[in-house]
Amino acid sequence: MTLHQLTSSRFKQQAAKALEDEVLQDNLVKLKGNFLQRRANARESLPEFDDLRDIAVGIKTHTLEHLDLYLEAFENAVEASGGHVHWARDDAEARNLVLAICRAENAKTVTKGKTMVGEEIGLNAYLEANGITPVETDLGEYIIQLAGEPPSHIIAPAIHKNRQQVAELFNDHHPDLADRGPDDVDGLLADARAVLRQRFLKADVGITGANFLIAETGQTVIVTNEGNGDLTQLLPRVHLVVAGIEKVVPSLEDATSIMRILARSGTGQEMSSYTSFSAGTRRPGDIDGPEAFHVVLVDNGRSALLGSPTEEILRCIRCGCCLNACPVYGKVGGHAYGSTYSGPVGAVLTPALAGLAETNHLPNASSLCGRCEAVCPMRIPIPKMLRHLREEEARSGRAPAAARNGLSLWAAFAKRPGLYRWATNLAMCVLAGRAGKRGRFASLPGAGAWTRDRDLAAPQGTSFQTRWKKGERPGTWA
Ligand code: SF4
């Protein structure tokens, strides 16, 4: 299984570059104001939010336990409504299936509503190499397509760009339209609308992803805020959905239950502006809709996760909330992860799908603070899975020598409680003494990576074990 444009093996260099990029640092501030605060407000205003999370977890867990049955039911329902389902074991099969459908329709241009799986399998580059022009229609995706970049966020692919950068891109790529300044937001939007409208009308095939596949009805569901999903699936002769197999849910009611927490978690909206349900081909009397409807179901490593320690990541509904909450993502942005899937979800999903050989930095790109799990609407235990992947890395001998040696040393002490207590007490005394009245270190041998950017606090008081032995318990600690 491969994920397209995987550069996760260069995470450290990419992260260092991101930290030095002042514009990126400014742009990432939007995450907290735009998304996290709105999510908190949305959660606050819905008392049953946590109950809905439990219901959503139950639905997805049940579906994953019976995935084969629900996928077959979905296939049958799609065929009954005049559509076709195609199965792709890996990225190459998925690309070839899409290309074959486009070729059979003699397609020259395809419009695309956002599909992360399309990114995962490298669909745009493949279609272009085979003479078909893909046009992204989600505004953020359109911006990064002009920039020749991959998305940097699951739901806000161009979050790393500011208005100045967008205006420059539009002025360069829209030579027939007026030059726009960065504050002319309405003008920039009007330009994108004018250009994309022509592309919608020219497209032979519309490709979308799917937030849900409904087994009961054979419908595919896509949520957007711009209506581009509707136009992509309604205007061209052919609608083609590319989706991961884990997107299936049993019923319409299940999909709508999960939807109640999707937008609230991602953008803080009660619902996204558009929710489009597609079911098969145009029927007699329909005023619009495609003449042909295809769904390409992509495995690409997903079925191998069933029953594994990372199975629960298949519950992910791609709301992007864990990215917004993650302090690491908030500093390095999405491109540093070098994968379609970035942030905490990507740090699990990318190694789970692509293996640890090229991705072993990602599970380590976390402080394990737990904020991702706390905000995840699907209650996915991301820190637990990151720890599992770190264990795998250590077992495979891929962990850096310094980490391996450090852990072996720590283990040697930890297995001998008396020695451990003596050593920690001694280390605390020495460090407290060396730090003096200031109580912190501006530099400390062995902790250079920490003290390069901030002071390190010296230990205070006595060790945890000493206090525990004295009968002190957390409730009595200041
Ligand atoms: S892991 Fe959870 S928070 Fe992150 S994108 Fe998936 S559902 Fe959203």
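What comes next is a walk through the structure.

The rules we used
Throughout, a residue's number is its position along its own chain's written sequence, starting from 1. Selection of residues for local features in this predicted model requires a pLDDT of at least 70, selection of side-chain atom pairs for listing and counting requires 80 or more, and totals for whole chains, interfaces and linings are taken over all residues. For side-chain calculations, the full set of non-hydrogen atoms in the structure is used, while hydrogens and water are omitted. In DSSP terms, a helix is any run of H or I states spanning at least four residues, a strand is any run of E spanning at least two, and both are numbered starting from the N terminus. Values of the radius of gyration come from C-alpha atoms, whereas the globule rule sets the reference at 2.2 Å times the count of residues to the power 0.38. Only protein chains enter the accessibility calculation, which uses a 1.4 Å probe; a residue whose area is less than 20% of its type maximum is buried, one above 50% is exposed, and one in between is partly exposed. Per-residue and other accessible areas follow the Shrake-Rupley method at a 1.4 Å probe size, with only the shown protein chains counted as cover for residues. Positive charges are assigned to Lys and Arg, negative charges to Asp and Glu, while His and the chain termini are left out of the count. To locate a charge, the coordinates of NZ of Lys, CZ of Arg, CG of Asp or CD of Glu are taken. Side-chain atoms within 4.5 Å link the members of a nonpolar core, which is a set of buried Ala, Val, Leu, Ile, Met, Phe, Trp, Tyr and Cys residues. A pair of strands is considered paired only if DSSP assigns at least 2 bridges between the two. A cavity here means a set of 1 Å grid points, computed over protein atoms only, where a 1.4 Å probe fits but cannot escape. A pocket is an open set with protein on both sides within 12 Å along at least 5 of 7 lines, and lining residues have an atom within 4 Å of a point. Grid points are joined across faces, edges and corners, and a volume is the space filled by probe spheres set on the points. Should a side-chain nitrogen of Lys or Arg be within 4 Å of a carboxyl oxygen of Asp or Glu, the pair is scored as a salt bridge.

### Section: the overall build of the protein
Argument step 1. For the protein, the count of helices and strands is 22 helices and twelve strands.
Argument step 2. Its C-alpha atoms give the protein a radius of gyration of 25 Å, within 12% of the compact-globule value 23 Å for 478 residues.
Argument step 3. By its C-alpha atoms, the protein is 80 × 55 × 45 Å across when sized along the principal axes.
Argument step 4. Within the protein, the fraction of its 478 residues that count as buried is 50%.
Argument step 5. Here the protein displays about 22400 Å² of accessible surface, and carbon together with sulfur accounts for 53% of that area.
Argument step 6. Side-chain charges of the protein comprise 54 positive and 55 negative groups, with the mean position of each set lying 11 Å from the other.

### Looking at the nonpolar core
Argument step 1. Membership of the largest hydrophobic core comes to 85 residues, with the highest contact counts inside it found for Val98, Leu127, Ile207 and Val242.
Argument step 2. Sort the elements by how many residues they give to this core and helix α16 (residues 343-354) lands first, with six residues.
Argument step 3. Core analysis: the second largest hydrophobic core is formed by 16 residues, Leu71, Phe74, Ala210 and Ala243 among them.

### Notes on the sheet that holds strand β5 (residues 212-214)
Argument step 1. As summarised here, the arrangement of the four strands in space is β8-β5-β6-β9, forming an open sheet in which the pairing is mixed. Strands at the two margins of the open sheet, each flanked by one partner only, are β8 (248-249) and β9 (274-278).
Argument step 2. Here three bridges tie β5 to strand β6 (residues 219-224), and the two strands are oriented antiparallel to one another. In the strand pairing of β6, leucine 213 is matched with threonine 220.

### Examining empty space enclosed by the protein
Argument step 1. Across all of its chains, the model carries two cavities of 30 Å³ or more by this definition.
Argument step 2. Considered as a void within the structure, the largest cavity measures approximately 110 Å³ in volume.
Argument step 3. Taken together, 16 residues make up the lining of the largest cavity; nearest its centre are Cys326, Pro344, Ser366, Ser367 and Cys372.
Argument step 4. Broken down by secondary-structure element, the contributors of at least two residues to the lining of the largest cavity are α15 (327-332), α16 and α17 (371-375).

### Let's talk about the pattern of salt bridges
Argument step 1. Within this structure, the stated rule accounts for 23 salt bridges.
Argument step 2. Measuring nitrogen to oxygen at the nearest pair gives 3.4 Å for the salt bridge that ties aspartate 204 to arginine 237. Taken together, the residues span a long stretch of sequence, with aspartate 204 in the loop between α11 (185-202) and β4 (205-208) and arginine 237 in the loop between α12 (228-234) and β7 (238-244) at a distance of 33 residues.
Argument step 3. A relative accessible area of 15% places aspartate 204 in the buried class.

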